[in-house]
Amino acid sequence: GYSGGVLLIGDEVHAPYNRPPLSKDVLSAGVTHEAVAFPSRAEVADVEWMLGSRVTSADLVANTVSTDAGLVDFRALVIATGLRPRRLPFEPQVGRHAIRSLDDAMALRHELVSGARVTVIGSGFLGCELASTASKLGCVVTIVTPSVEPMIRPLGVLLARQLRERLEANGVAFALEATVAGFTGGPKVEAVELADGTSIPSEVVIEAIGSDLSDGILTDNALRAVGPDGPRDDIYVVGDSARFPNPMFDDVPRRIEHWNIPTDTGKRAGAVLGGWLAGDDTAAALPFAPMPSFWSNQFDIKLQAYGLPGLADDVTILEGDLEGEVAVGYHRAGRLVG
């Protein structure tokens, strides 16, 4: 219902697009903006887009943000930055990649040629998806992880072990409980050196080791940023950087990096902010309890998850079996949480 000006500032030159396919089907085909772009809707026809501009700081007393093009005043601010990928602390080399943006995916896709030796560092969903895609493109792929099994934190050991065995059956090798000591080569990476002395020849290294963020920005359930004096009606946080309580589970604020959360939190913040600008706090008083969900495609495996399996203290097979199709339940104190 807000009819005033809306300015969207983004450091990328591309109009908004869907990120999850960058490690899945889009990376295995052609990486283009057209393949992932969100359709433009009439509701945003009057939004001013300031793309290719980076925000360097925000002054929450003066209500301004500093960009590389100068100062911008705001009546209300929505922080929707997402995350930066964490990188290993070694000298940069050609052939080292991390995936966050469309440009990152384009650069990686150029190097995923048949026969290339690819090492993926990290065994979360992103790392395993990238390994699967690279393997399907004909690359020789090894996953290096300090974990005892891939994807173990959200899935638990039973399902994680089964997924590792399926990836191995498709040609992906694993170095489990392993840490990286460094990289060899000159300007171009040639091998990944592990702490135990193992050397893995690699023309391409993909670092999928999480995000460069401590624990995000604390908000209340209305996604209003919480400062020393409590929630700010004029500052909101959405997406991966928002740490908010979800009454579906408990009152503990958490960041949730699942694909539906940017959309759900964006809608919530938009409704609350629109109400505040109109002098109506009805939306803020309503409970916000989004169902986290994500999917992962790895070879012919399709994994779909709902809730927060990582909270579970008990994991049980609800239907089917691990060798075939299976439904796995995650319970905390006897209550299904994923």
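The structure contained in this document is the topic of the report that follows. (Residues numbered from 1 in each chain as written. Predicted model: local features only at pLDDT ≥ 70, side-chain atom pairs only at ≥ 80, totals over all residues. Heavy atoms only, no water.)

**Quick notes on the overall build of the protein**
Our working rule: Helix numbers and strand numbers start at the N terminus; a helix is a DSSP run of H or I with at least 4 residues, a strand a run of E with at least 2. Radius of gyration here is computed from C-alpha atoms only, and the compact-globule reference equals 2.2 Å multiplied by the residue count raised to the power 0.38. Under the scheme applied here, a residue whose accessible area is under 20% of the maximum for its type counts as buried, over 50% as exposed, and between as partly exposed, the area being computed with a 1.4 Å probe on protein chains only. Here, two residues are considered to be in contact whenever any of their heavy atoms come within 4.5 Å of each other. Computed by Shrake-Rupley with a 1.4 Å probe, the accessible areas treat only the displayed protein chains as cover when residues are assessed.
When helices and strands are counted, the protein shows 8 helices and 24 strands. Against the globule reference of 20 Å for 338 residues, the protein gives a C-alpha radius of gyration of 22 Å, in line with a compact fold. Taken over the C-alpha atoms alone, the protein extends approximately 60 × 50 × 40 Å along its principal axes. Taken over 338 residues, the protein has a buried fraction of 45%. For the protein, restricting intrachain contacts to residue pairs at least 6 apart in sequence, the fraction spanning at least 24 positions comes to 59%. About 17200 Å² of surface is accessible on the protein, with carbon and sulfur atoms providing 54% of the total.

**Details of unusual backbone geometry**
The residue Asn63 is not glycine, and still its phi comes out positive at about 55 degrees. Mapped onto the elements, Asn63 comes out in the loop between strand S3 (55-59) and strand S4 (64-67). Looking at Asn63, the relative accessible area reads 17%, which means it is buried.

**Side note on a nonpolar patch on the surface**
Here is the rule we go by: Residues enter patches when their relative accessible area tops 30% and they take part in no salt bridge; the joining distance is 9 Å for like charges and 5 Å for the nonpolar side chains Val, Leu, Ile, Met, Phe, Trp and Tyr. Criterion for a salt bridge: a side-chain nitrogen of Lys or Arg within 4 Å of a carboxyl oxygen of Asp or Glu.
Together, Leu8, Val44, Trp49 and Leu51 line one region of the surface with nonpolar side chains, adding up to about 300 Å² of accessible area. Within the fold, Trp49 resides in strand S2 (residues 48-51).

**Quick look at helix H7 (residues 261-277)**
Note the following rule: Here a helix's expected span is defined as the number of its residues, less one, multiplied by 1.5 Å.
Spanning 17 residues, H7 covers 24 Å between terminal C-alpha atoms, matching the ideal 24 Å at 1.5 Å per step. For H7, the full list of buried residues reads Ile261, Thr265, Arg268, Ala269, Val272, Leu273, Gly274, Gly275 and Leu277. Where H7 is buried, its residues meet strand S6 (77-79), strand S17 (230-237), strand S18 (242-245) and helix H8 (282-285). Among the residues trailing H7, Gly279 stands out with phi positive, at a value near 80 degrees.

**Topic: the side chain of Asn63**
Cut-off, in case you're wondering: Whenever two N or O atoms come within 3.5 Å, that pair is a polar contact, provided that in protein one can donate a hydrogen and the other can accept it, and provided that, for residues adjacent in sequence, both atoms are side-chain atoms.
Within the structure, Asn63 has its side chain in polar contact with the side chain of Asp234 (distance 3.3 Å). For Asn63, the residues in contact, after removing those within four places along its chain, are Val72, Asp73, Phe74, Arg75, Arg232 and Asp234.

**What to know about the nonpolar core**
The condition that has to hold: Among buried residues, the Ala, Val, Leu, Ile, Met, Phe, Trp, Tyr and Cys ones that are joined through side-chain atoms within 4.5 Å form a nonpolar core.
Leu108, Leu112, Val118, Val141, Leu155, Leu159 and Val172 are the most contacted members of the largest nonpolar core, which totals 40 residues. Ranked by the residues each element gives to this core, the list is headed by helix H4 (residues 125-136), at 5 residues. When sequence neighbours within four positions are dropped, the list of residues in contact with Leu159 reads Leu303, Leu322, Val326, Val328 and Tyr330. Ranked by size, the runner-up nonpolar core spans 26 residues in total, among them Ala222, Ala225, Phe244 and Phe288.

**Overview of the sheet that holds strand S9 (residues 140-144)**
Short version of the rule: One bridge is not enough; two strands pair if DSSP finds at least two bridges between them. Note on definitions: angles span 0 to 180 degrees between N-to-C directions of axes, and those axes are lines fitted to C-alpha atoms, for helices only across the stretch in contact.
The sheet built from 5 strands is open, its strands ordered S7-S14-S8-S9-S10 with parallel pairing. The open sheet terminates on both sides in strands that have one partner only, identified here as strand S7 (96-97) and strand S10 (173-175). One ladder, built from 5 bridges, connects strand S8 (residues 117-121) with S9; its direction is parallel. What sits directly across from Val120, in S9, is Ile143. Helix-sheet contacts for H4 involve S8, S9 and strand S14 (204-207), and the interaxial angle to S9 is about 165 degrees.

**Comments concerning helix H3 (residues 102-111)**
For H3, the set of buried residues is Leu102, Ala105, Leu108 and Glu111. On the buried face of H3, the contacting elements are helix H1 (25-28), helix H2 (33-36), S7, H4 and S14.

**Some details on the sheet that holds strand S11 (residues 180-185)**
Read across the sheet, 3 strands follow the order S11-S12-S13 without closing on themselves; strand pairing throughout is antiparallel. Strands with a single pairing partner mark the edges of an open sheet, and in this sheet they are S11 and strand S13 (199-201). Shown here is a sheet whose adjacent strand axes are inclined to one another by a mean of 25 degrees, direction ignored. Inspection of the sheet shows strand S12 (residues 189-194) paired to S13 by 3 bridges, in the antiparallel sense. Directly across from Glu193, in S13, lies its bridge partner Ser199.

**Examining the environment of Phe288**
Within the secondary structure, Phe288 sits in the loop between H8 and strand S20 (293-298). The class of Phe288 is buried, set by a relative accessible area of 8%. Taking the C-alpha atoms as reference points, Phe288 and Leu223, 65 residues apart in sequence, are found 9.1 Å from one another. Contact partners of Phe288, with chain neighbours within four places excluded, come to Asn221, Leu223, Phe244, Pro245, Asn246, Pro247, Asp264, Thr265 and Arg268.

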